[in-house]
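Listed here are the chains, written in short residue letters.
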Amino acid sequence: MDTQPIERKFAIGARIATLLAVGASTVGALVMILIGLEETAFAVWTQITREPGALPAGDATAIHLISALDRFLMAIVLLYFAYGIYVLFVRPGRDAEELGVPQWLHVEGIGQLKQTLAEVIVVVLFVLFLRVAVETFVAQGPDLSWQGIAKFLTLPLSIVLLAGALKLAELHPKSRR
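Presented here is an overview of the structure given in this document. The structure displayed is predicted, hence computed values, not measured ones.

Cut-off values and rules
- Every residue gets a number counted from 1 within its own chain, in the order that chain's sequence is written.
- pLDDT decides what is reported in this predicted model: residues at 70 or higher carry local features, side-chain atom pairs at 80 or more are listed and counted, and totals for whole chains, interfaces and linings draw on all residues regardless.
- Here the side-chain values reflect all heavy atoms present in the structure, with hydrogen atoms and water set aside.
- The helix and strand labels rest on DSSP assignments: H or I over at least four residues marks a helix, E over at least two residues marks a strand, and numbering proceeds from the N terminus.
- In this scheme, a residue with accessible area under 20% of its type's maximum is buried, one over 50% is exposed, and one in between is partly exposed, where area comes from a 1.4 Å probe on protein chains only.
- By definition, residues are in contact when any of their heavy atoms lie within 4.5 Å.
- Computed by Shrake-Rupley with a 1.4 Å probe, the accessible areas treat only the displayed protein chains as cover when residues are assessed.
- By the criterion applied in these results, polar contacts are pairs of N or O atoms within 3.5 Å in which, for protein atoms, one can donate a hydrogen and the other can accept it, and in which residues neighboring in sequence qualify only through two side-chain atoms.
- Between the first and last residue of a helix there are one fewer steps than residues, each counted as 1.5 Å, and that sum is the expected span.
- Patch criteria: residues need more than 30% relative accessible area and no salt bridge. Like-charged residues are merged within 9 Å; nonpolar side chains of Val, Leu, Ile, Met, Phe, Trp and Tyr are merged within 5 Å.
- Just to be clear on terms, a salt bridge is a Lys or Arg side-chain nitrogen sitting within 4 Å of an Asp or Glu carboxyl oxygen.
- Note on terminology: a nonpolar core comprises buried Ala, Val, Leu, Ile, Met, Phe, Trp, Tyr and Cys residues joined through side-chain atoms within 4.5 Å.

### Section: the overall build of the protein chain
Now for step 1: Scanning the protein chain from N- to C-terminus turns up 5 helices and 0 strands.
Now for step 2: Along its sequence from the N terminus, the protein chain presents helices and strands in the succession α-α-α-α-α.
Now for step 3: Residues counted as buried form 29% of the 177 residues belonging to the protein chain.
Now for step 4: Within the protein chain, contacts between residues at least 6 apart in sequence are counted, and of these 68% link residues at least 24 apart.
Now for step 5: When the accessible surface of the protein chain is summed, it comes to about 11,800 Å², and 69% of that surface belongs to carbon and sulfur atoms.

Encoded structure:
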């Protein structure tokens, strides 16, 4: 029995599924960019109108801008993932120049893609913590009870543990130049 036609159909099906993941990640990135633009517009509007609210205008503006930064970083993660999957599984063997992207953005292997994504996710988590910290201390005032402190420090402790695990794992060690 000749299995080559079955293998070819399976490979084509896998590429189509991968292309769907690329498309969905790209659409997700565009959605995150739109949400980030909306947050930026809210920041500008808050600063222009200075309507009385729960927060002073400057604090509300800062929270909106940090939130926008968080959304833009998530969009970058999704775009990098989409590009990496495209290069590795849909169009392997093409160099960065042929695809029209800078060499530093080119993905050489799945380990490099995972390492870069993990590093950027740690940065996204840091920005999330920054937003939570600003919202907590500005909007609600600090809760200095032991329970409040423990709740507040959970996210940064998790970020430090993730960063440490990432460093220990070194999915794709960087070349030492």
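### Comments concerning the environment of Thr46
Now for step 1: On the secondary structure map, Thr46 appears in helix α1 (residues 4-49).
Now for step 2: With a relative accessible area of 17%, Thr46 lands in the buried category.
Now for step 3: As a C-alpha pair, Thr46 and Asp59 span 13 residues in sequence and 9.7 Å in three-dimensional space.
Now for step 4: A distance of 2.7 Å separates a polar side-chain atom of Thr46 from the backbone oxygen of Phe42.

### Overview of α1
Now for step 1: Taking 1.5 Å per residue, 46 residues should reach 68 Å; α1 reaches 67 Å between its end C-alpha atoms and fits that length.
Now for step 2: Here α1 has its buried residues at Thr18, Val22, Ser25, Ala29, Met32, Gly36, Glu39, Ala43 and Thr46.
Now for step 3: Within two residues after α1, Arg50 carries a phi angle of roughly 50 degrees, on the positive side.

### Quick word on the side chain of Thr18
Now for step 1: Topologically, Thr18 is positioned in helix α1.
Now for step 2: Those residues in contact with Thr18, other than ones at most four positions away along the chain, are Ile85, Phe89 and Val90.

### Topic: the side chain of Ser67
Now for step 1: Tracing the backbone shows Ser67 in helix α2 (residues 57-90).
Now for step 2: Leave out the neighbours within four places in its chain, and Ser67 touches Glu39 and Arg131.

### Here we look at a nonpolar patch on the surface
Now for step 1: A cluster of nonpolar side chains, namely Ile12, Ile16 and Leu20, defines an oily patch on the protein surface of about 300 Å² accessible area.
Now for step 2: When you line up the elements, Ile12 lands in helix α1.

### Let's talk about the nonpolar core
Now for step 1: Tyr80, Val107, Leu113 and Leu117 are the most contacted members of the largest nonpolar core, which totals 17 residues.
Now for step 2: When residues of this core are traced back to their parent elements, those giving at least two are α2 and α4 (110-140).
Now for step 3: Residue contributions to this core peak at 10 residues, all from α2.
Now for step 4: What Leu117 contacts, discounting residues up to four positions off in sequence, is Val77, Tyr80 and Phe81.
Now for step 5: The next biggest cluster of nonpolar side chains, apart from the first, holds 5 residues, and it includes Phe129, Ala133, Ile159 and Leu166.

### Points about the pattern of salt bridges
Now for step 1: The tally for this structure, following the rule as stated, stands at 1 salt bridge.
Now for step 2: Residues Asp70 and Arg71 are paired through a salt bridge, measuring 3.4 Å at the closest nitrogen-oxygen approach. One exposure class covers both Asp70 and Arg71, and it is buried.

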